[in-house]
Amino acid sequence: MDILNVNAGIYFDDAVTSAEKHTHQAYASTSLNNNDEIRIPIQQQDLYTLPNESSLYIKGKLLKTDNTPSRTAKFVNNGVMLLFDEIRYEIGGYVIDRIRNPGLTSIIKGYVSFNKNAAQFLQNSGWFLSNNEQSNIVDDNGNFNVVIDLSTIFGFCEDYRKIILNMRQELVLIRSNSDTNAIINSTKNEGKNMALVRKAAKAVSPTGYSSSASSSSSADFPRPSQDNFITMIEEEFRRREEFNRQMDEKMGNITKKIRGIDDHISRVKGGEEVFEGS
């Protein structure tokens, strides 16, 4: 066994000497209103990208309809993710991973998999186990910003720890039709007059994503019933199982295409060598 070979020389792995953070902009016409689709592509396809280390940066303001900050309104636990109805990751035109109701699914995953130390580390992404004054990501002026690791959203980004090269990639976010599930207010009357102003959404990593816009939407705050949550969870588990099957099939198709390209390159190189030799 190698661990018992005490006479072996020291080996230094210097295959990767440095890493950089890149920010990728969304399309210029992107809007962040409710029900809008936000597409954030990686334009430079010659980058060595690492989805496992990528993150989503979101910045905005939480204001009342008179454009003044609220002293009592704040996001619920993982509330920023509740602003989206669907998030998916596409590679080469294929949907590799899709998450419906990302706020709910990431909350379930977080309660199951995050220990206390991990939960404290993820506070900058809006994750708080306790509901107290320190669990508010909104400052006195209504500003908020969070950095959410894609590995906490997508199973693909969590499990696949290798780089991706020469493939078109897109992060697609679909805004929810309402922001009512994302915000809680201790003053009921004021809660009916809240507006969410979204200024920017970015994702940063060895690949990153970015968009910029502003909008507002009124928010009433009825809470969904427990039965609705259970139904949503069951539906999400069924979708996830079916999607995993589809993802395996599509990844197989991508692998076949890559092998076909490699074979074609090998044949071309072989033809050039024969031509030069003749």
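Keep in mind it's a predicted model, so treat the numbers as computed, not measured. (Residues numbered from 1 in each chain as written. Predicted model: local features only at pLDDT ≥ 70, side-chain atom pairs only at ≥ 80, totals over all residues. Heavy atoms only, no water.)

**Structural notes on the overall build of the chain**
Formally: Helix numbering and strand numbering both begin at the N terminus, where a helix is a DSSP run of H or I of at least 4 residues and a strand a DSSP run of E of at least 2. Note on exposure labels: buried denotes an accessible area under 20% of the residue type's maximum, exposed denotes more than 50%, and partly exposed covers the range between, all computed with a 1.4 Å probe on protein chains only. In this analysis, two residues are considered to be in contact whenever any of their non-hydrogen atoms come within 4.5 Å of each other. Residue-level accessible areas treat just the shown protein chains as cover; the underlying method is Shrake-Rupley with a 1.4 Å probe.
The helix and strand tally for the chain stands at five helices and 12 strands. Here the chain holds 278 residues, and 41% of them are scored as buried. Counting only contacts in the chain whose residues sit at least 6 apart along the sequence, the fraction spanning at least 24 positions is 75%. Accessible surface for the chain amounts to roughly 16600 Å². Of this, 49% is attributable to carbon and sulfur atoms.

**A look at the nonpolar core**
Our working definition: What we call a nonpolar core is a set of buried Ala, Val, Leu, Ile, Met, Phe, Trp, Tyr and Cys residues that are connected through their side-chain atoms within 4.5 Å.
Membership of the largest hydrophobic core comes to 40 residues, with the highest contact counts inside it found for Phe75, Val80, Phe154 and Leu171. Examining the composition of this core, we find that four residues originate from one element, strand β5 (residues 84-91), more than from any other.

**Some words on the confidence of the model for the chain**
Filter applied, for reference: Known as pLDDT, the predictor's per-residue confidence is scaled from 0 to 100.
For the chain, mean pLDDT is 75; residues scoring 70 or higher make up 75% of the total. This model gives residues 205-226 a pLDDT under 50, and the stretch forms 97 contacts once residues within four places in sequence are excluded. For residues 273-278, every residue scores under 50 in pLDDT, and the model assigns this stretch zero contacts once sequence neighbours within four places are set aside.

**Re the pattern of salt bridges**
When the charged atoms of two side chains with opposite charge come close together, those side chains can pair. Threshold: For this analysis, a salt bridge means a side-chain nitrogen from Lys or Arg found within 4 Å of a carboxyl oxygen belonging to Asp or Glu.
All told, the structure shown has 12 salt bridges when counted by the stated rule. The closest approach of N and O atoms between Glu37 and Arg39, which form a salt bridge, is 3.1 Å. We classify Arg39 as partly exposed; its relative accessible area is 22%. Between Glu37 and Arg88 there is a salt bridge, with its nearest N and O atoms 3.2 Å apart. A residue pair is termed long-range when its members are at least 10 positions apart, and Glu37 in strand β2 (residues 37-41) and Arg88 in strand β5 qualify at 51 residues. A relative accessible area of 41% means that Glu37 is categorised as partly exposed. Residue classification places Arg88 among the buried positions, given a relative accessible area of 10%. A single network of salt bridges, built from pairs that share partners, joins Glu37, Arg39, Asp85, Glu86, Arg88, Glu90, Arg98, Arg100, Arg168 and Glu170.

**As for helix α1 (residues 102-113)**
Three- or four-residue spacings in an α-helix give side chains the same orientation, since the helix completes a turn every 3.6 residues. Filter applied, for reference: One less than the number of residues in a helix, times 1.5 Å, gives the span that helix is expected to have.
Between its terminal C-alpha atoms α1 stretches 16 Å, which fits the 16 Å expected from 12 residues at 1.5 Å a residue. For α1, the full list of buried residues reads Pro102, Gly103, Leu104, Thr105, Ser106, Ile107 and Gly110.

**Describing the packing of aromatic side chains**
Cut-off, in case you're wondering: Two rings from Phe, Tyr or Trp (for Trp, the six-membered ring) form a pair when their centres sit within 6.5 Å of each other. Planes less than 30 degrees apart are called stacked, planes more than 60 degrees apart edge-to-face, and all others tilted.
For the coordinates displayed, the defined rule picks out six aromatic pairs. Ring centres 4.8 Å apart and planes at 70° place the aromatic pair Phe75 and Phe144 in the edge-to-face group. Placement of the pair is Phe75 in strand β4 (residues 73-75) and Phe144 in strand β7 (residues 143-149), with a sequence separation of 69 residues. Here Phe75 and Phe144 have matching classes, each one buried.

**Considering the side chain of Glu86**
Inclusion rule: The definition of a polar contact used here is a pair of N or O atoms within 3.5 Å, where within protein one atom must be able to donate a hydrogen and the other to accept one, and adjacent residues in sequence count solely through side-chain atom pairs.
By secondary structure assignment, the location of Glu86 is in strand β5. By relative accessible area, which is 9% here, Glu86 ends up buried. Side-chain polar atoms of Glu86 contact the side chain of Arg88, separated by 3.0 Å. Residues contacting Glu86, with those up to four places away along its chain left out, are Arg98, Ile99, Arg100, Pro102, Val172, Leu173 and Ile174.

**Looking at the sheet that holds strand β8 (residues 169-175)**
Heads up, the condition is: Between any two strands, at least two bridges found by DSSP are needed for them to pair. Between N-to-C directions, angles cover 0 to 180 degrees, with each direction set by a line fitted to C-alpha atoms, over the stretch in contact for helices.
Spatially, the four strands line up as an open sheet ordered β2-β8-β5-β6, and their pairing is antiparallel. At either margin of the open sheet sits one strand with a lone partner, and together these are β2 and β6 (94-100). Each strand axis lies, on average, 15° off the axis of its neighbour in the sheet, ignoring direction. Here β2 pairs with β8 via five bridges, running antiparallel. Looking across to β8, one finds that Pro41 is bridged to Glu170.

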